[in-house]
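Below are the chains, spelled out letter by letter.
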Amino acid sequence: EGSASTLQTILALGIVVTVHECGHFAAARFQNIHVTKFSVGFGPCVLRYQGSKVEYSLRLFPFGGFVAFPDETKASEDPD
C-alpha cells in the first residue's frame, strides 16, 4: 500500500505540473511569443520529440518543468 500511494502521488504531481506548464505554453503562443522548448520534469531526458519549431521533452523527475524562449536559450548557451 505504501509504494502504491507514493506512485499515485508522483503521478498526480506529474499531472499538475503538466497542466501548469501547458498554461505557460498556451499563454506564450496566444501572445505570439516564440517558444523553443517545452519540458515536463527536470533531470535527464527520458523522451524527446523535435517538432517543426518546438522541442518537447519528458524528463525523469516530475517536480517541475519549463517553457524556454529564444532569449533564454541563447543566454544559457552563451555566458557573455
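Described in the following lines is the structure provided in the data block.

**Here we look at the pattern of salt bridges**
Thinking step 1. One pass over the structure, following the stated rule, counts one salt bridge.
Thinking step 2. Among the salt bridges present, the one from Arg48 reaches Glu55, with a minimum N-O distance of 3.5 Å.
Thinking step 3. Overall, the relative accessible area of 51% leaves Arg48 in the exposed class.
Thinking step 4. You can call Glu55 buried: its relative accessible area is 15%.

**What to know about helix H1 (residues 2–30)**
Thinking step 1. In this model, H1 (29 residues) spans 42 Å end to end at C-alpha, consistent with the 42 Å of a helix rising 1.5 Å per residue.
Thinking step 2. Within H1, burial applies to Gly14, Val17, Glu21, Phe25 and Ala28.
Thinking step 3. Where H1 is buried, its residues touch strand E1 (37–50) and strand E2 (55–68).
Thinking step 4. Positive phi shows up at Asn32, right after H1, with a value of about 60 degrees.

**Considerations on unusual backbone geometry**
Thinking step 1. Of note, Asn32 is a non-glycine position whose phi angle comes to about 60 degrees, a positive value.
Thinking step 2. You can call Asn32 exposed: its relative accessible area is 73%.

The rules behind the values
- Residues numbered from 1 in each chain as written.
- Predicted model: local features only at pLDDT ≥ 70, side-chain atom pairs only at ≥ 80, totals over all residues.
- Heavy atoms only, no water.
- Salt bridge = Lys/Arg side-chain N within 4 Å of Asp/Glu carboxyl O.
- Buried < 20%, exposed > 50% of the residue type's maximum accessible area, 1.4 Å probe, protein only.
- Helix = DSSP H or I, 4+ residues; strand = E, 2+ residues; numbered from the N terminus.
- Expected span 1.5 Å × (residues − 1).
- Contact = heavy atoms within 4.5 Å.

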